[in-house]
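Reading the structure
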Amino acid sequence: MIEILGLLFGVLYIISMVKEKWYAWPFGLLAVGMYGFSCYQSNLFGELFLQLVYAILTLYGWLKWQKNSHNNFTITKLSNFQYTIAISSAISISLLSYVALSMINSSLPVLDAITNGFAIVATFLAARKKIDNWLFWIPINAVTIFMMLLKGMPFYALLYLCYGVFAIIGYYQWYASLKKTQA
């Protein structure tokens, strides 16, 4: 039942995010809670830690989007330098995560660490309305689908499949919005 609720709130989150609605973030917070509980039960400690970080970043995104909802808070693109910083940060967080996950005997430390590092950066980019967040999410979702299937969590594999499809849709919708603001 928790997985099904997590799936429902996750889908509501991603649809609202694609549409650039501030209320995506509360749905995201509910999805994070459900998913975190499931990860704890499945011994996916890296994913559990990631959900705690997501909760913090979700609150940050919620506040940022609400605060800027009356301003001109538009989608922007990372510069080459910012992209380099984002990739470097994701790799660094992944390496630190791997060390920590190896110490606590996480069941899939390499995959868990990679998804942690890149997902933390992607969520931060989403909160700042950077179109590039979607380009991070596409491979993250593919790896996470594989992890969920390995761990016998089919509803979350389905959720990440939905996330992957909506990451592609989100990128193209945000790209169209970005082009409109640049015109």
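Shown above is the structure to which this text applies.
Predicted model only: the values in this text are computed from it and were never measured.

What counts as what
Residues numbered from 1 in each chain as written. Predicted model: local features only at pLDDT ≥ 70, side-chain atom pairs only at ≥ 80, totals over all residues. Heavy atoms only, no water. Disulfide = S-S within 2.5 Å. Buried < 20%, exposed > 50% of the residue type's maximum accessible area, 1.4 Å probe, protein only. Core = buried A, V, L, I, M, F, W, Y, C linked by side-chain atoms within 4.5 Å. Helix = DSSP H or I, 4+ residues; strand = E, 2+ residues; numbered from the N terminus. Contact = heavy atoms within 4.5 Å. Salt bridge = Lys/Arg side-chain N within 4 Å of Asp/Glu carboxyl O. Polar contact = N/O pair within 3.5 Å; in protein donor to acceptor, adjacent residues only side chain to side chain. Expected span 1.5 Å × (residues − 1).

Considerations on the state of the cysteines
As enumerated under the stated definition, the model contains zero disulfides in all. Cys162 provides the cysteine sulfur closest to Cys39, a residue in no disulfide bond, and the two sulfurs are 17 Å apart. Here Cys39 falls in the buried class, since its relative accessible area comes to 0%.

Focus on the nonpolar core
Grouped together as the largest cluster of nonpolar side chains are 49 residues, with contacts concentrated most on Met17, Trp134, Trp137 and Met148. Going through the elements one at a time, α1 (2-18), α2 (24-41), α3 (45-67), α4 (80-103), α5 (109-127), α6 (133-150) and α7 (154-182) are the ones with two or more residues in this core. When residues in this core are grouped by element, the largest group, nine residues, is from α7. Those residues in contact with Met148, other than ones at most four positions away along the chain, are Tyr35, Leu44, Met153, Tyr156, Ala157 and Tyr160.

Comments concerning the pattern of salt bridges
Two side chains that carry opposite charge are able to pair once their charged atoms sit near each other. Counting across every chain of the model gives two salt bridges. Salt-bridge contacts for Glu20 lead to Lys129; the nearest nitrogen and oxygen are separated by 2.9 Å. A residue pair is termed long-range when its members are at least 10 positions apart, and Glu20 in the loop between α1 and α2 and Lys129 in the loop between α5 and α6 qualify at 109 residues. On the accessibility criterion, Glu20 (24% relative accessible area) is partly exposed. For Lys129, a relative accessible area of 7% puts it in the buried group. Of the charged contacts, one joins Lys77 and Asp132 as a salt bridge, the two residues approaching to 3.3 Å between their closest N and O atoms. Within this pair, whereas Lys77 is found in the loop between α3 and α4, its partner Asp132 is found in the loop between α5 and α6, the two being separated by 55 residues in sequence.

Let's talk about the environment of Lys130
By the element assignment, Lys130 lies in the loop between α5 and α6. Taking C-alpha positions, Lys130 is 6.6 Å from Leu78, a pair spaced 52 residues apart along the chain. When near neighbours in sequence (up to four residues on either side) are disregarded, Lys130 contacts Thr76, Lys77, Leu78, Gln82, Leu125 and Trp174. Engagement of the side chain of Lys130 in a polar contact is seen with the side chain of Thr76, the distance being 2.8 Å.

A look at unusual backbone geometry
Located in the positive-phi region is Glu20, a residue other than glycine, with phi close to 60°. Positive phi is not limited to glycine here, since Lys129 has a value of about 55°.

Considering α4
An ideal rise of 1.5 Å per residue puts 34 Å on 24 residues; α4 measures up with 35 Å between its terminal C-alpha atoms. The complete set of buried residues in α4 reads Ala86, Ala90, Ser94, Ser97 and Leu101. Trailing α4 by a residue or two, Asn105 shows a phi angle of about 60°, which is positive.

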